[in-house]
Amino acid sequence: MSGPPPRRHSSMGALDTREALFEALRPVLSDPTLPKAGVGIDDDCIDLWRSTNGAVEVRCRVELGGEGWGGLSKITGALLGLELCKLKKIQMSNWGRPAPLSQRQVTYAATDAWAGAAAHAELARRRPDLFGRSLEAGGSFFTAERPLEELLARRAQRRVLRDELRELKEREAEAWAEVEEEGDRGPGRIDADLEAEFKEGKARLIAARLELRENSSFRCTPGDFGL
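Could you give an account of the packing of helix H2 (residues 41-51) against helix H8 (residues 148-182), naming the residues involved and the relevant values?
Direction vectors running N to C along H2 and H8 enclose 110 degrees, while the axes themselves pass 10 Å from each other. Overall, the two elements H2 and H8 adopt an arrangement that is roughly perpendicular. Crossing handedness for the pair H2 and H8: left-handed. Listed contacts from H8 to Asp42, Asp43, Cys45, Ile46, Asp47, Trp49 and Arg50 of H2 are Leu148, Glu149, Leu151, Leu152 and Arg155. When the residues that make up the contact of H2 with H8 are grouped by side-chain class, the tally is six nonpolar, no polar and six charged.

Spelled out as structure tokens, the structure:
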């Protein structure tokens, strides 16, 4: 006697499950007093916001990365003395496939989630003054958090500036290449006005990109914790 036919996963069923999951998580993700910690947290939350057509707005985002910290593995190493096993092969695997995630993918995602929470807990233990203020409704860190829609627009502007900076550097490299080709026949360096234009242009674009950095409710540096 044969068993029941294998269960098929329709696209509509997967969509219903996805929407139900987001609906269940929405109260947690949108809670402005519950920290959501990670490295590159803003980009992840922007992508989630876009994939749900703006239905899921993650609030109280705590950016663990940034200058001086490195990736999540380095952060957990510095704070907890633990080394994460994060295989590049799993990181670059297909996370958008309709079938269930592999066990390795589930383990990878669970490790990431645990590491972010554990690192945040340790930072809060070391500096409850900083993290306590970050969670006060109306506090300085809370009011500084930008809506994800605004972050998306700022990210697009940063990418435009990045492309402009790359083009400027390419022009500068070409100018210096021409100088090298001329050798002793030329002045030995690019025109002073052109050199100044390159220098000022790069400084302007870099400063503009820094002003448009994604802005979580809280961003910290190793120096804040004596590391």
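Next comes the rest of the account.
Tell me about the packing of helix H3 (residues 72-80) against helix H5 (residues 103-126), and please be specific about residues and values.
H5 packs onto H3 with a crossing angle of 40 degrees between their chain directions and a minimal axis gap of 10 Å. Of the possible angle classes, the one that applies to H3 and H5 is oblique. Remark: the crossing between H3 and H5 carries left-handed chirality. Across the interface between the two elements, Leu72, Ile75, Thr76, Ala78, Leu79 and Leu80 from H3 touch Asp112, Trp114, Ala115, Gly116, Ala118, Ala119, Glu122, Leu123 and Arg126 from H5. Its residues assigned to classes, the contact of H3 with H5 comprises 10 nonpolar, two polar and three charged.

Any chance you could break down the environment of Ala55 for me, citing the residues and the numbers?
Within the element layout of this structure, Ala55 appears in the loop between H2 and strand E2 (61-63). The class for Ala55 is partly exposed, based on a relative accessible area of 39%. Ala55 sits 33 residues away from Phe22 along the chain, and the two C-alpha atoms are 8.6 Å apart. Setting aside its immediate chain neighbours within four residues, Ala55 contacts Arg26 and Trp49.

Help me get a handle on a nonpolar patch on the surface, residues and values and all.
A contiguous nonpolar patch, built from Trp95, Leu101 and Val106 and spanning about 230 Å² of accessible area, is present on the exposed surface. With respect to the secondary-structure elements, Trp95 resides in the loop between helix H4 (88-91) and H5.

Residue-level account of unusual backbone geometry, with values.
At Asn53, a residue that is not glycine, the phi angle is positive and equals roughly 55 degrees. For Asn53, the location among the structural elements is in the loop between H2 and E2. Assessed through its relative accessible area of 76%, Asn53 is described here as exposed.

Provide a residue-level description of H8, including the pertinent values.
Given a rise of 1.5 Å per residue, 35 residues ought to cover 51 Å, and the 51 Å separating the end C-alpha atoms of H8 matches this to within 8%. Considered for burial, the residues of H8 that qualify are Leu148, Leu151, Arg154, Arg155, Arg158, Leu161, Leu165, Leu168, Glu172, Ala175 and Val179. Buried residues along H8 sit against H2, E2 and helix H9 (192-211). Downstream of H8 by a residue or two, Gly183 has a phi angle that is positive, lying close to 60 degrees.

Rules and cut-offs
- Residues numbered from 1 in each chain as written.
- Predicted model: local features only at pLDDT ≥ 70, side-chain atom pairs only at ≥ 80, totals over all residues.
- Heavy atoms only, no water.
- Axes fitted to C-alpha atoms, helices over the stretch in contact; angles between N-to-C directions.
- Helix = DSSP H or I, 4+ residues; strand = E, 2+ residues; numbered from the N terminus.
- Parallel < 35°, antiparallel > 145°, perpendicular 65-115°, else oblique.
- Left-handed = near helix turned anticlockwise from the far one by under 90°.
- Contact = heavy atoms within 4.5 Å.
- Nonpolar A, V, L, I, M, F, W, Y, C, P; charged D, E, K, R; others polar.
- Buried < 20%, exposed > 50% of the residue type's maximum accessible area, 1.4 Å probe, protein only.
- Patch = residues over 30% accessible without salt bridge, like charges linked within 9 Å, V, L, I, M, F, W, Y side chains within 5 Å.
- Areas by Shrake-Rupley, 256 points an atom, 1.4 Å probe, with all protein chains shown as cover.
- Salt bridge = Lys/Arg side-chain N within 4 Å of Asp/Glu carboxyl O.
- Expected span 1.5 Å × (residues − 1).

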